[in-house]
Amino acid sequence: MRDGATGNASRHPLAVRQWDSLIAVNYAARPFGISRMLSATEARGKCPDIVLQHVATFREGEGGRWAYRDDSFRNIKTDKVSLDPYRAESRKILKTMKDALERWCTDESEPELYPLTRGLSAVLEKAGIDEVFIDLSPLIYCVLLRRYPELRPSPQDENKDALLPFPPTTALMWDPEDCLVELDKDASEEDDPDWDDIVMLVGAEIVRAVRNAVWEKLHYTCSAGLARNKMLAKLGSACNKPNLQTVVRNRAVQHFLGGYKFTQIRMLGGKLGDQITSIFGTEQVSDLLNVPLEQLRTKLDDSTASWLYGIIRGDDRTEVNPRTQIKSMLSAKSFRPSINSMGQAEKWLHIFAADIYGRLVEDGVLENRRRPRVITLHHRTVQSKSRQMHIPASNTIDENLLFDLAKNLLRQVVADGQAWPCSNLSLSVSSFEDGVGKNKVIEGFLLRGEQAKSLSYSIRPRDSESASSEQPPGKRKKVEDSGIKRFFLHSLVAKDPGFNVEDPAASDNEGLQAPPDQDPDFVNPEILEGQIEGAEYAQYTCPQCSKSIPEYEREEHDDWHFAKDLEIQDRQEARSMQQSRPANPATSRNSNTRGRGGREGKGKPEKGQMRLAFQ
DNA sequence: ACCAGGTGT
DNA sequence: GGACACCTGGT
């Protein structure tokens, strides 16, 4: 589990400026007392040398292209912030991390472990533009099996509750840079290590490798926290910034948490935290620990009470969600002097539409036929209001369409009541439909690895033809060079985890499964292969895409996944990882636990196993 | 389905 | 605080 704040390692004081305030401050500037929320003037007062870089902006009349401009801070009236550069860096970092993690799940040296570990991979959750949670459990499990053969399940080892062997009693060799949180009072560093400790040690090794990769490749430092759940990892990550990792061993949790204000715990930083503070007259976790559950229940509703009771004891069950494709895109502007007319508002709608459209294109969303179904306009005067509508499925999404829809929505809001003066306006698109739109036909077919290679060559020309014919002229080129290939590879694995191939006959019927309003020819039928050949051979169910393929094609199939991973954007990767979970071959029992959980019952300590002891 | 509101970076 | 993004709950 990991979480880190990344920061460029510049030694010169530097901050990112948005209008007159700072939104990010590097570590070199912090000793001067510079923090977020300071004004540019205040920052200069504290550190005359500081470099203040304004964020990129869109400018009225310059279309959808952002730029860094020397005078943007003076143009708050006409410019709109663009966070695109940060989104791009964020993607690079995630990709680097993902690649670094990947190396931990493949080990050719011990083929007998393949059935147990193949397909296991870490899950990454993007928690912010510069933060990520990583569930390392699957990787740690792999490493444990390799290093501690006594943990490998033996055939007669049916009993899930069978006791684990004792771990080796040799002292653990922590890296000098691992920051260990002091143990609870009832525990001692002299005690023999337990499996939980070893799990953390392995995790620390992996995370160090990930952080090193980020440094080597991108020159960002990052801090990390390792613990048994997200809440503890998050708290830990802040303990040793900017460039160290903090390990909260299970035997240290009580001591660690006891020193915090509960308002620093995730979900308690807002109104709920305030409410609890005033009810119980304290912000300290240690004080709240003395309050019995029954008493919490008298003051809070039941679910909140028991959640709170658990969370301050280190019990956080929230999963690391595999990042899915982006769920919404928003473009917004606050108006310092409020705006007062439809005409003024429309200018901004143009910029919003261009911004969002650019991001739709950049993210390859159009190429993938992933489109938002809903558009929403938010409007704030004294109160805030929002209106949304469906994006007509028949239209090609472009800037003008977005603008027209936005304008309609704005009219509705304006007609609705007090619309002026308006202090904030935003446009967003959401409800992304990733059913590859016109290519639903692909789902339900299986493309064999070998054929995938040859066919992807043979069909590419025609494929891109039909693809670009329905693209606006401006985007043809992009589709042709890399877009379609990406799309092609992606769409085969991205969608349906079940991946049914029950009706091979359907495969050579054009568009048999295509919804009536969709064009079945977008992907030529001949590239599809609905039949599994070699069914008489041993079958292998790919944990990544759930496809069932002959054993002898496994390697090739994996190569194919590997190539795909390199090509498609990280968010798309995350999606396929998510879908691979249920297909984990190791999941034999415990349908209510996750794939990795079901199996870890055997491989991990019975007490305090990573997050899974609870259920 | 629609909208409001809360939480986080 | 501004500009995001995500989630939940009420109707």
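- In the annotation of an unreviewed UniProt entry, chain A is listed under the name DNA polymerase eta and assigned to Penicillium cinerascens.
- For chain A, the Subcellular location (unreviewed entry) comment in UniProt is given as "Nucleus".

**Side note on the nonpolar core**
Here's step 1: Counting 42 residues, the largest nonpolar core has L101, L136, L139, L144 and I206 as its most contacted members.
Here's step 2: Secondary structure elements with two or more residues in this core: α2 (84–102), β8 (131–135), α4 (137–147), α5 (195–218) and β11 (224–226).
Here's step 3: Ranked by residue count, the leading element in this core is α5, at 12 residues.
Here's step 4: Judged by nonpolar contacts, the second largest core, of 31 residues, contains M329, A406, V413 and F432.

**Looking at the packing of α4 against α5**
Here's step 1: As a packed pair, α4 and α5 sit with axes 10 Å apart at the nearest point and diverge in direction by 110 degrees. Considering the angle they form, α4 stands roughly perpendicular to α5. Crossing handedness for the pair α4 and α5: right-handed. Within the contact between the two elements, α4 uses L139, I140, V143, L144 and R147 and α5 uses I198, V199, V202, G203, E205 and I206.
Here's step 2: Of the residues belonging to the contact of α4 with α5, the class tally is 8 nonpolar, 1 polar and 2 charged.

**What about the sheet that holds strand β13 (residues 328–339)?**
Here's step 1: On the basis of which strands lie adjacent, the open sheet formed by 4 strands has the order β13-β16-β14-β15 and antiparallel pairing. Looking at strand neighbours, the two that pair on one side only are β13 and β15 (384–390), the edges of this open sheet. Neighbour-to-neighbour, the strand axes of this sheet turn through a mean angle of 15 degrees, independent of strand direction.
Here's step 2: As paired elements, strand β14 (residues 371–380) and strand β16 (residues 422–433) share 9 bridges and run antiparallel to each other. For T376, the partnering residue across the bridge sits in β16 and is S428.
Here's step 3: Packing against the sheet, helix α12 (residues 342–362) makes contact with β13, β14 and β16, and its axis sits at approximately 155 degrees to β13.
Here's step 4: Packing against the sheet, helix α13 (residues 399–416) makes contact with β14, β15 and β16, and its axis sits at approximately 35 degrees to β14.

**Focus: the protein's contact with DNA strand B**
Here's step 1: Near DNA strand B you find 17 residues, and of these D130, M267, K271, S386 and Q388 are the closest.
Here's step 2: Close to the protein, within 4 Å, the atoms of DNA strand B belong to sugar or phosphate groups at a rate of 96%.
Here's step 3: Q388 is positioned such that a nitrogen or oxygen atom in its backbone is 2.8 Å from a phosphate oxygen of DNA strand B.
Here's step 4: One nitrogen or oxygen atom from the side chain of H390 is found 3.3 Å from a phosphate oxygen belonging to DNA strand B.

**Thoughts on unusual backbone geometry**
Here's step 1: The step from K241 to P242 runs through a cis peptide bond, and the omega angle for that step is 5 degrees.
Here's step 2: Relative to the helices and strands, P242 is located in the loop between α6 (230–237) and β12 (245–247).
Here's step 3: Here the bond from W420 into P421 is cis, since omega is 0 degrees, no more than 30 degrees from zero.
Here's step 4: Counting through the fold element by element, P421 comes out in the loop between α13 and β16.
Here's step 5: Residue S431 is not a glycine yet carries a positive backbone phi of 55 degrees.
Here's step 6: Accessibility expressed as a relative area gives 32% for S431, which makes it partly exposed.

**Notes on the side chain of E125**
Here's step 1: The residue E125 is located in strand β7 (residues 123–128) in this model.
Here's step 2: Only 2.8 Å separates the side chain of E125 from the side chain of K230, close enough to count as a polar contact.
Here's step 3: In this structure E125 touches E131, V132, F133, K230, E319, V320, N321 and R323, once residues within four positions along its chain are discounted.

Conventions used here
Residues numbered from 1 in each chain as written. Chains lettered and ligands numbered in written order. Predicted model: local features only at pLDDT ≥ 70, side-chain atom pairs only at ≥ 80, totals over all residues. Heavy atoms only, no water. UniProt positions renumbered as here; feature names shortened; annotations may be inferred. Core = buried A, V, L, I, M, F, W, Y, C linked by side-chain atoms within 4.5 Å. Buried < 20%, exposed > 50% of the residue type's maximum accessible area, 1.4 Å probe, protein only. Helix = DSSP H or I, 4+ residues; strand = E, 2+ residues; numbered from the N terminus. Axes fitted to C-alpha atoms, helices over the stretch in contact; angles between N-to-C directions. Parallel < 35°, antiparallel > 145°, perpendicular 65-115°, else oblique. Left-handed = near helix turned anticlockwise from the far one by under 90°. Contact = heavy atoms within 4.5 Å. Nonpolar A, V, L, I, M, F, W, Y, C, P; charged D, E, K, R; others polar. Pairing = 2+ DSSP bridges. Near = heavy atom within 4 Å. Polar contact = N/O pair within 3.5 Å; in protein donor to acceptor, adjacent residues only side chain to side chain.

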